Amino acid sequence: IIDEVHMLTKEAFNALLKTLEEPPAHALFIFATTEIHRVPSTILSRCQRFDFKRIPLDTIIKHLGHICEAEGIKIDEDALLQIAKKADGSMRDSQSILDQIISFSGENITFEDVAQALGVIDQEEFFRVSDLVLQGNIRELILLSRRIFTAGYDLNEFLLGLEEHFRNILVTKTMESTELIDASEVYLKRYTEVAEQYNENDLVGYLKVISNTINEIKWSQQPHLKFELSLVKL
């Protein structure tokens with residue numbers, strides 16, 4: 001088994017190719033990679049290819065719940081959801097994160113424990129922003145921007161979370177359903193309630209502003225100013 005096989009040098013691939021052209025009868029080679037385009041075609045043509053998809057969120061949550069039950073660990077549903085989202089479709093990563101959280105929190109794990117360990121931002125913050133945007137309350141948005149900055153939040157992470165938040169509202173508005181949203185039951189209900197108050201074109205505009213700000217912040221010497229102005233633009 002060769003993991004991250006795309007990291008092999010050209011010389012190593014050439015040496016490997018000789019073996020693959022006349023593979024020994026007793027051996028089975030398994031190559032794993034996340035960057036298939038970097039593997040030479042001469043290697044690919046001699047292999048069977050299997051593309052693995054991201055594991056669904058519900059499957060990861062269910063499996064992590066099973067592990068916690070077997071190990072006698074109590075954990076909130078919201079905590080499991082955040083771990084599964086952070087793993088981004090990888091069961092291995094989700095188990096590694098869970099292991100870290102257990103070391104951090106012991107046998108009783110709450111959402112707050114996970115949020116603190118992973119730097120997860122409370123969903124309430126995003127609802128607070130979207131409510132103020134809906135009200136057009138620039139004064140409160142500027143004050144909220146200052147509080148977020150002084151609280152030590154990563155501004156890029158906050159914007160990515162806000163982007164997902166407005167995307168969730170847009171999807172709920174468009175689909176008239178929360179089926180495609182990864183959130184707890186409490187927030188799924190809130191998305192259903194608030195979606196009616198928004199216009200689809202406005203939501204698309206919000207997403208453009210946030211996306212542009214994410215790019216601008218990377219190179220800005222005053223990221224907080226860019227962040228503050230993005231909330232005002234919204």
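One can find the structure itself at the top, above this paragraph.
No experiment lies behind these values; they were computed from the predicted model shown.

Rules used in this analysis
- Residues numbered from 1 in each chain as written.
- Predicted model: local features only at pLDDT ≥ 70, side-chain atom pairs only at ≥ 80, totals over all residues.
- Heavy atoms only, no water.
- Helix = DSSP H or I, 4+ residues; strand = E, 2+ residues; numbered from the N terminus.
- Rg over C-alpha atoms; globule rule 2.2 N^0.38 Å.
- Buried < 20%, exposed > 50% of the residue type's maximum accessible area, 1.4 Å probe, protein only.
- Arc of directions from axis to C-beta.
- Contact = heavy atoms within 4.5 Å.
- Phe/Tyr/Trp six-rings, centres within 6.5 Å; stacked < 30°, edge-to-face > 60°.
- Lys NZ or Arg CZ within 6 Å of the ring centre and 35° of its normal.
- Axes fitted to C-alpha atoms, helices over the stretch in contact; angles between N-to-C directions.
- Parallel < 35°, antiparallel > 145°, perpendicular 65-115°, else oblique.
- Left-handed = near helix turned anticlockwise from the far one by under 90°.
- Nonpolar A, V, L, I, M, F, W, Y, C, P; charged D, E, K, R; others polar.
- Salt bridge = Lys/Arg side-chain N within 4 Å of Asp/Glu carboxyl O.
- Core = buried A, V, L, I, M, F, W, Y, C linked by side-chain atoms within 4.5 Å.

A. Focus on the overall build of the protein. When its secondary structure is counted, the protein shows 12 helices and 2 strands. Tracing the protein from N to C terminus, the helices and strands come up as α-α-α-β-α-α-β-α-α-α-α-α-α-α. On C-alpha atoms alone, the protein measures out to a radius of gyration of 23 Å, which is more than a quarter above the 17 Å that the 2.2 N^0.38 rule sets for 234 residues. Reported as C-alpha extents along the three principal axes, the dimensions of the protein are approximately 70 × 45 × 35 Å. Split into buried and exposed, the 234 residues of the protein put 36% on the buried side.

B. Expanded view of helix α10 (residues 185–195). For α10, the full list of buried residues reads Y187, L188, Y191, V194 and A195. The arc enclosing the buried residues of α10, seen along the axis, measures out at 135 degrees, which places them on a common side. Exposed side chains of α10 directed beyond 90 degrees from the buried face belong to E185, V186 and K189. If you follow the buried residues of α10, they end up packed against α7 (123–135) and α9 (155–175).

C. Summary view of the environment of L132. The residue L132 is located in helix α7 in this model. Residue class for L132 comes out buried when judged on its relative accessible area of 11%. Taking the C-alpha atoms as reference, L132 lies 9.4 Å from L231; in sequence the two are 99 residues apart. Dropping the residues within four chain positions of it, L132 is found in contact with N137, E140, L141 and L144.

D. Local environment of the packing of aromatic side chains. Tallied over the full model, the rule gives 7 aromatic pairs. Aromatic pair F158 and F227: ring centres 5.6 Å apart, planes at 85 degrees, arrangement edge-to-face. Taken as a pair, F158 in helix α9 and F227 in helix α12 (residues 223–233) lie far apart in primary sequence, 69 residues in all. Here F227 falls in the buried class, since its relative accessible area comes to 0%. Among the aromatic residues, those joined into a ring-pair cluster are F126, Y153, F158 and F227. Stacked on the ring of F127, the Lys or Arg R190 has its end atom at 4.1 Å from the ring centre.

E. Focus on the packing of helix α3 (residues 57–70) against helix α5 (residues 91–105). Orientation of α3 relative to α5, taken along the N-to-C sense of each, is 40 degrees, at an axis distance of 11 Å. On the basis of the axis angle, α3 is oblique to α5. In this structure, the crossing between α3 and α5 has a hand that is right-handed. From α3, T59, I60, H63, L64, I67 and C68 reach across to α5, where they touch M91, S94, Q95 and L98. Each residue belonging to the contact of α3 with α5 can be placed in one class, and the counts come to 6 nonpolar, 4 polar and no charged.

F. Summary view of the pattern of salt bridges. Taken as a whole, this structure holds 9 salt bridges when the rule is applied. Notably, a salt bridge pairs E21 with R46, separated by 3.6 Å at the nearest N-O pair. Taken together, the positions of E21 in helix α1 (residues 10–21) and R46 in the loop between α2 (41–44) and α3 put the pair 25 residues apart, joining distant regions of the chain. Given a relative accessible area of 41%, R46 falls into the partly exposed group. If you follow the salt bridges from partner to partner, you end up with E125, R128 and R147 in one network.

G. Representation of the nonpolar core within the structure. In terms of nonpolar packing, the biggest core is built from 34 residues, with V129, L162, F166, I169, F227, L231 and L234 touching the most fellow members. At the level of secondary structure, the elements contributing two or more residues to this core comprise α7, α8 (138–150), α9, α10, α11 (200–219) and α12. When residues no more than four places from it in sequence are discounted, the contact partners of I169 are S130, Y191, V194, A195, Y198 and L203.

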